[in-house]
Amino acid sequence: MTPTSIPSVHAPATVGIVHLGLGAFHRAHQAVYLERNLARHDGGPWGIASANLRSNRRLVELMRERGQRYHVAEYTDSETLTLRQVTAIRETLYAGPDGDDLEALLDRMSEPEVRIVTLTVTEKGYHLDPADGRLLLDAEPIRHDIAAPTRPRSAPGMLVEALARRLAAGTPAFTVLCCDNMPDNGKRTRRAVVELARRRDPALAAWIADAVAFPSSMVDRIVPAMGEADFERLRALGVDDPAAVTCEAFSQWVIEDDFPQGRPDWQHDGVQMVADVTPFESMKLRMLNGSHSLLAYLGTLAGIETVAEAVGRKPFVALLRRYMRNEAAPTLDMPEGTDLDAYADSLLARFANDSLHHRLQQIAMDGSQKLPQRWLAGARARLDAGGDIDCTALGVAAWIRYTAGSNLQGVRHPIDDPMAGTFAALHDRHREPEPLIAAFLALDSVFDQSLANDPRFANAVLDAYRVLDGEGVVAALNHPVSTE
Ligand code: CS2
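Nothing here was measured: the structure is a model prediction, and the numbers come from that model.

Peer 1: Can you walk me through unusual backbone geometry in this structure?
Peer 2: Where the residue is not glycine, phi is negative for most of them; where a peptide bond is considered, it is trans in most cases. With a phi close to 60 degrees, Gln-68 is a non-glycine residue in the positive phi region. Residue classification places Gln-68 among the buried positions, given a relative accessible area of 10%.

Here it is as structure tokens:
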């Protein structure tokens, strides 16, 4: 394979964006859009300073050691690869409790030149109740940030402290752009920040509510965690870069156009600027992420390791088609001209990209934070319309079985979820399907109780669980539970 190489050639940009969450996704998505922007302008005011708040100090150091230059390997398929050098990230910081860059980060966030703060801190990084979006005042980092607001640990805490400093200095507010997979992600972020600020100073909270814009956005690019085999493949092509990321060629970013302090002209870089991102966000969450989660739990229970391996099996493809056509697409209210069948086809093609080793275990993590927006909101809408929810019910049953910590062959897997302790206790206490399912559905921070108490939903989950646990994944896929 001879990759197409795109070097980074622009003049160094000044920092105008601070990003919280220097993960693989940020480096393969937002930074690539900004790289294009800087290439068009030969530098300019929109370079990025990017920080990790809790983990991966090593990556921060690696980026520094390498002069903040890294590669993004974009695979169309096993034959076609674009290798891009990125230098849009000008500075990396580690502001974890054991790090020393917290002040440097807050200083950066207080500079007048910084006009946008973007975030990819995962769903749980906002410390909001997944079911109803309230700030979790009992969460340890939030309790910490209420007690010691000038030395924050959480992402909302960083935003509140930086905004407080800007207010005190008479510096205009920055715009906050959430890039995590949540519905109404701007509104949710706003809620977290304003509620936390209110604990500190109602006047500060009122200023934030009034002066700070929180546009919502939809982000999309499949960026699996890097494994040794991925680095090895790049080394074989002459790229020895421990900060490299591998991803698919596809990428999409839809942003609500609400940036009172200005923004990059990234509509020329392939970003869709819209008045309302809601339909795009719901489409992506329910169709793409919803399908991903179905594969993650059912696939892992069947002993399958990657997305591409799962969609290489007909019953899984059939399940995804049925789920998308009958349970996700009918709940979406899309702009004129959107072709959801074509979207479903494109998703299946993307999932089949076997150049990506996208591990199901990676997608399976944090289910408690993901299920409400991926499956449960759609299921509620489907039941209200008298429609099917059997694929979703099977997914929920698979998730509950998955949280027992082993697959159907008895192979153990770790449960990476803020509620892992609760799940373990429920599995310990309830050995029979009926009380177990009832106990899980009663978790009101995951399940909207009007859905959990709807017998059509509860019975379908219980039936699916029995088939799955008793007869296996193939039987469950071949005999979908009827919700009639
Ligand atoms: C995945 C997403 O890990 C997950 O939960 O569903 O990271 C997915 O790959 C991205 O949202 C694609 O844009």
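Peer 1: Would you take a moment to explain the sheet that holds strand E1 (residues 4-6) for this structure?
Peer 2: In a beta sheet, neighbouring strands pair by backbone hydrogen bonds and run either parallel or antiparallel. If you walk across this open sheet you meet the four strands as E1-E5-E4-E10, and the pairing is mixed. Each having just a single partner strand, E1 and strand E10 (245-248) make up the two edges of the open sheet. Pairwise comparison of adjacent strand axes, ignoring direction, gives a mean angle of 20 degrees for this sheet. The pairing of E1 with strand E5 (residues 81-86) spans three bridges and is parallel. Bridge pairing links Thr-4 to Thr-82 in E5. Against the sheet, helix H2 (residues 30-41) contacts strand E4 (70-75) and E5, and its axis sits at roughly 75 degrees relative to E5.

Peer 1: What should I look at first to understand the packing of aromatic side chains in this one?
Peer 2: What describes a pair of aromatic rings is the distance from one ring centre to the other and the angle between the planes of the rings. Under the criterion given, the structure shown has 10 aromatic pairs. On the numbers, 5.4 Å between centres and 50 degrees between planes, the contact of Tyr-33 with Trp-253 is tilted. In this pair, Tyr-33 sits in helix H2 while Trp-253 sits in strand E11 (residues 252-256), placing the two residues 220 residues apart along the sequence. Residue classification places Tyr-33 among the buried positions, given a relative accessible area of 4%. On the basis of relative accessibility, which here comes to 0%, the residue Trp-253 falls in the buried class.

Peer 1: What should I look at first to understand the sheet that holds strand E12 (residues 272-274) in this one?
Peer 2: Sheet architecture is open: three strands sit in the order E9-E11-E12, paired in mixed fashion. The sheet is open, and its two edges are formed by strand E9 (217-220) and E12, each paired on a single side. Neighbour-to-neighbour, the strand axes of the sheet open up by a mean angle of 15 degrees, direction not taken into account. Summarising the sheet, E9 and E11 pair through four bridges and their orientation is antiparallel.

Peer 1: Any chance you could explain the site of the ligand here in plain terms?
Peer 2: Lining the immediate surroundings of the ligand are Asn-181, Asp-220, Arg-221, Lys-284, Asn-289, His-292, His-358, Ile-363, Lys-370 and Arg-374. With respect to the ligand, the side chain of His-292 contributes an N or O atom lying 2.8 Å from an oxygen atom. Compared with its free state, where it exposes 340 Å², the ligand has 89% of that area covered by protein. With three residues, helix H10 (residues 278-301) is the largest single contributor of residues to the shell around the ligand. In terms of residue class, the shell around the ligand is made up of one nonpolar, four polar and five charged. Residues from two domains meet in the shell around the ligand; each of domain 1 (4-274) and domain 2 (278-477) gives at least three.

Peer 1: Explanation requested: the domain arrangement of the protein in the structure shown.
Peer 2: By a frequent convention, interface size equals the accessible area lost on bringing the separate parts together. Each domain of the protein was delimited in the assignment, giving domain 1 (4-274) and domain 2 (278-477). Each of domain 1 and domain 2 has a C-alpha centre, and the two are 28 Å apart. Taken together, the contacts link 32 residues of domain 1 with 31 residues of domain 2. Approximately 2500 Å² of surface area, both sides summed, lies buried where domain 1 meets domain 2, with 54% of it carried by carbon and sulfur atoms.

What counts, and at which threshold
- Residues numbered from 1 in each chain as written.
- Predicted model: local features only at pLDDT ≥ 70, side-chain atom pairs only at ≥ 80, totals over all residues.
- Heavy atoms only, no water.
- Buried < 20%, exposed > 50% of the residue type's maximum accessible area, 1.4 Å probe, protein only.
- Pairing = 2+ DSSP bridges.
- Helix = DSSP H or I, 4+ residues; strand = E, 2+ residues; numbered from the N terminus.
- Axes fitted to C-alpha atoms, helices over the stretch in contact; angles between N-to-C directions.
- Contact = heavy atoms within 4.5 Å.
- Phe/Tyr/Trp six-rings, centres within 6.5 Å; stacked < 30°, edge-to-face > 60°.
- Near = heavy atom within 4 Å.
- Polar contact = N/O pair within 3.5 Å; in protein donor to acceptor, adjacent residues only side chain to side chain.
- Areas by Shrake-Rupley, 256 points an atom, 1.4 Å probe, with all protein chains shown as cover.
- Nonpolar A, V, L, I, M, F, W, Y, C, P; charged D, E, K, R; others polar.
- Domains from an automatic or database assignment.
- Buried area = accessible area lost by both parts, 1.4 Å probe.

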